[in-house]
Amino acid sequence: MGRAAELLGTTPGLLRAIGEARLITPLRSEGGHRRYFSYQLRIAARVRGLVDQGTPIDAACRINVLEDQLEEAQRVNAEYRRADGSSSPSGAA
């Protein structure tokens, strides 16, 4: 956890808080140390950016989730438009 916090330029406490919010769940080594995947560190970095701007940690975690949901919805919407052969969001030509 210390190394991950160092890489992100933050404190282990922020990583713990993100974990407590269940935004990321690191693996545990046999010795009980937290092990983070690179995608988890990217999520933590996004949250850290919001926190650095003054956003409370719980709100920053929620914003991260909502941004991911929006991105996924936009991706699915684009797939539907491609499958339908439409290029406008409303389906009108």
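All figures in this text were calculated on a predicted structure; none of them were measured in a lab. (Residues numbered from 1 in each chain as written. Predicted model: local features only at pLDDT ≥ 70, side-chain atom pairs only at ≥ 80, totals over all residues. Heavy atoms only, no water.)

J.: I'd like a description of the overall build of the chain, backed by residues and values.
T.: Counting secondary structure elements, the chain contains four helices and two strands. Taken against the 2.2 N^0.38 rule, which gives 12 Å for 93 residues, the C-alpha radius of gyration of the chain at 18 Å runs more than 25% over that of a compact globule. Projected onto its principal axes, the C-alpha positions of the chain cover 60 × 35 × 20 Å. Of all 93 residues assigned to the chain, the portion counted as buried reaches 25%. By sequence separation, contacts in the chain at least 24 residues apart represent 37% of the contacts at least 6 residues apart. (Helix = DSSP H or I, 4+ residues; strand = E, 2+ residues; numbered from the N terminus. Rg over C-alpha atoms; globule rule 2.2 N^0.38 Å. Buried < 20%, exposed > 50% of the residue type's maximum accessible area, 1.4 Å probe, protein only. Contact = heavy atoms within 4.5 Å.)

J.: Hey, could you go over a nonpolar patch on the surface for me, with residue numbers and the actual values?
T.: A surface patch of nonpolar side chains, about 310 Å² in accessible area, is lined by Leu-27, Phe-37 and Tyr-39. Locating Phe-37 in the fold gives a position in the loop between strand S2 (34–35) and helix H3 (38–52). (Patch = residues over 30% accessible without salt bridge, like charges linked within 9 Å, V, L, I, M, F, W, Y side chains within 5 Å. Areas by Shrake-Rupley, 256 points an atom, 1.4 Å probe, with all protein chains shown as cover. Salt bridge = Lys/Arg side-chain N within 4 Å of Asp/Glu carboxyl O.)

J.: Quick one: what's the story with the packing of H3 against helix H4 (residues 57–84), residue by residue and with numbers?
T.: H4 packs onto H3 with a crossing angle of 125° between their chain directions and a minimal axis gap of 9 Å. Here H3 lies oblique to H4, going by the angle between them. When you trace H3 past H4, the crossing you get is right-handed. Across from Ile-43, Arg-46, Val-47, Leu-50 and Val-51 in H3, the residues of H4 making contact are Ile-57, Ala-60, Cys-61, Ile-63, Asn-64, Glu-67 and Asp-68. Classifying every residue of the contact of H3 with H4 by side-chain character gives eight nonpolar, one polar and three charged. (Axes fitted to C-alpha atoms, helices over the stretch in contact; angles between N-to-C directions. Parallel < 35°, antiparallel > 145°, perpendicular 65-115°, else oblique. Left-handed = near helix turned anticlockwise from the far one by under 90°. Nonpolar A, V, L, I, M, F, W, Y, C, P; charged D, E, K, R; others polar.)

J.: Give me the environment of Gly-13: which residues, what numbers.
T.: Residue position: Gly-13 is located in helix H2 (residues 12–20). A sequence separation of 11 residues divides Gly-13 from Gly-2, and the C-alpha atoms of the two residues are 9.7 Å apart.

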